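# Survey of secondary and tertiary structure
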Amino acid sequence: MIVSWNTTNECNMYCDHCYRDSGPLAPRELSTAEARTMIDGIAEAGFKIMIFSGGECLMRSDLEELVGHAASSGLRPVLGTNGSLLTVDRAHALKHAGCLAAGISLDSLNPARHDALRRYDGAFTEALAGMQACREAALPYQIHTTVMDWNRHEVPEMADFALEQGARAFHVFFLVPTGRAASIEENSLRAAEYEDLIERLMDKAEALPIEIKPTCAPQFMRIALQRGMKPRFSKGCLAGTSYCIIGPSGTVQPCAYMNISAGNVREQPFEEIWRNSPLLNRLRSEEYGGRCGACEYRRRCGGCRARALHYHGDFMAEEPWCLYRAGEEEFGVG
């Protein structure tokens, strides 16, 4: 099981696709002591991997302390970062604290495009410097790319780039229009584009010796199974079942892109929220509406619950950008 903690809302970039609308500090962000208590609850609830993200997690001065506490609690701590603040010294300190890997964002091989999306001059150069820092500190890292209509044709080449750079994995995040990303919804891929890109990513996954995983495109599980592949993942959409996210001020959400609260760790221990939340238990029922409910792959795919919420107003509704028609040999119209 995986939990992600947005350690802070503070960020040195102002990315167009940010799901949290990061920039300034959020009101009453969790203190070091509150975060340590929360981490204890995460471990008690049986989670294995804890992602420290943001905002920009490296802007938190107590990050190494909290990574160390997570590691000593039996969790496997990893980072999600834009890479700009990841110096060699910081990478060494994080590894010494118990950090096992870093995920560094890179959204285009064109520096100007990457910088423009992140509204930060030098973002591309600094992301690559962060990767170099990881290599020098022997801290494993992977590359994270958010895919939209304008960069989707770059993605297979970016998989090759990840391998060349020594990344251990390449994770592709399909845009979900929440937070600031709602303002660029028109850049989101549609059904036929999703299907095409996932197929190309599966080709790369079979060809390259690193992990390649689509994220927020749970139909990759159905496509992998149709191709006779044996993915190591149990399900496409993990929201509320084996994954959740905690905001800077302690609010628990089923995933980063579902801005609905399951509770707050300041008001209730995390392990109780995870076990008893009606919201999370509804997601675990897998009683999906529409085509998702009738689909033979519903327990391996699950449809994107956040996308269902955005487009249908109901997180249990059908995935809006899936071509597959249950029980039919051919795909429908996207």
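Remember, it's a predicted structure, so these values are computed and weren't measured experimentally. (Residues numbered from 1 in each chain as written. Predicted model: local features only at pLDDT ≥ 70, side-chain atom pairs only at ≥ 80, totals over all residues. Heavy atoms only, no water.)

## Some details on the overall build of the chain
Secondary structure summary: the chain contains 12 helices and 10 strands in total. Dimensions of the chain, computed from the C-alpha atoms along their principal axes, are close to 55 × 45 × 35 Å. Counting over 334 residues, the chain shows a buried share of 59%. Taking contacts inside the chain between residues at least 6 apart in sequence as the whole, the part at least 24 apart equals 68%. Summed over its atoms, the accessible surface of the chain is roughly 13400 Å², and 51% of this surface lies on carbon and sulfur atoms. (Helix = DSSP H or I, 4+ residues; strand = E, 2+ residues; numbered from the N terminus. Buried < 20%, exposed > 50% of the residue type's maximum accessible area, 1.4 Å probe, protein only. Contact = heavy atoms within 4.5 Å. Areas by Shrake-Rupley, 256 points an atom, 1.4 Å probe, with all protein chains shown as cover.)

## Quick word on the pairing of strand E6 (residues 169-174)
Consecutive side chains of a regular strand alternate in pointing toward one face of the sheet and then the other. For E6, the tally of buried residues reaches 6 of 6 residues, placing the bulk of the element in the interior. Side chains Ala169, His171 and Phe173 project from E6 onto one buried face, and the interleaved Phe170, Val172 and Phe174 project onto a second face that is buried too. Of the pairings in the sheet, the one linking strand E5 (residues 141-147) to E6 comprises 5 bridges and is parallel in character. Across the sheet, Val147 pairs through a bridge with Phe174, a residue of E6. Since E5 and E6 lie parallel, the crossover through helix H6 (residues 155-164) that links them has a hand, and here it is right-handed. With 5 bridges joining them, E6 and strand E7 (residues 211-215) adopt parallel strand pairing. Note on E7: the bridge partner recorded for His171 is Lys213. Viewed along the sheet, the connection from E6 through helix H7 (residues 191-207) into E7 turns out right-handed. (Pairing = 2+ DSSP bridges. Right-handed = clockwise from strand over helix to strand, strands pointing away.)

## Concerning the nonpolar core
Residues Met50, Phe52, Leu79, Phe170, Phe174 and Phe270 are the most contacted members of the largest nonpolar core, which totals 92 residues. Looking at this core element by element, the count peaks at 6 residues for H7. Setting aside chain neighbours within four positions, we find Phe174 in contact with Val147, Leu189, Tyr194, Leu197, Ile198, Leu201, Pro214, Thr215, Cys216, Ala217 and Arg307. With 6 residues, the next largest nonpolar core counts Cys11, Met13, Tyr120 and Ala123 among its residues. (Core = buried A, V, L, I, M, F, W, Y, C linked by side-chain atoms within 4.5 Å.)

## A look at H7
Over its 17 residues, H7 extends 25 Å from the first C-alpha to the last, a length consistent with the 24 Å expected when each residue adds 1.5 Å. Along H7, the residues classified as buried are Ala191, Tyr194, Glu195, Leu197, Ile198, Leu201, Met202 and Lys204. Looking at the buried side of H7, the elements it contacts are E5, H6, E6, E7, helix H8 (220-226) and helix H12 (305-312). (Expected span 1.5 Å × (residues − 1).)

## A closer look at the environment of Arg152
For Arg152, the position within the fold is in the loop between E5 and H6. Judged by relative accessible area, which is 14%, Arg152 ranks as buried. It is 26 Å that separates the C-alpha atoms of Arg152 and Phe315, two residues lying 163 residues apart in sequence. In this structure, Arg152 is in contact with Val147, Leu189, Glu193, Asp196, Leu197 and Arg200, ignoring residues within four places of it in sequence.

The values reported here are purely geometric and, on their own, carry no functional implication.
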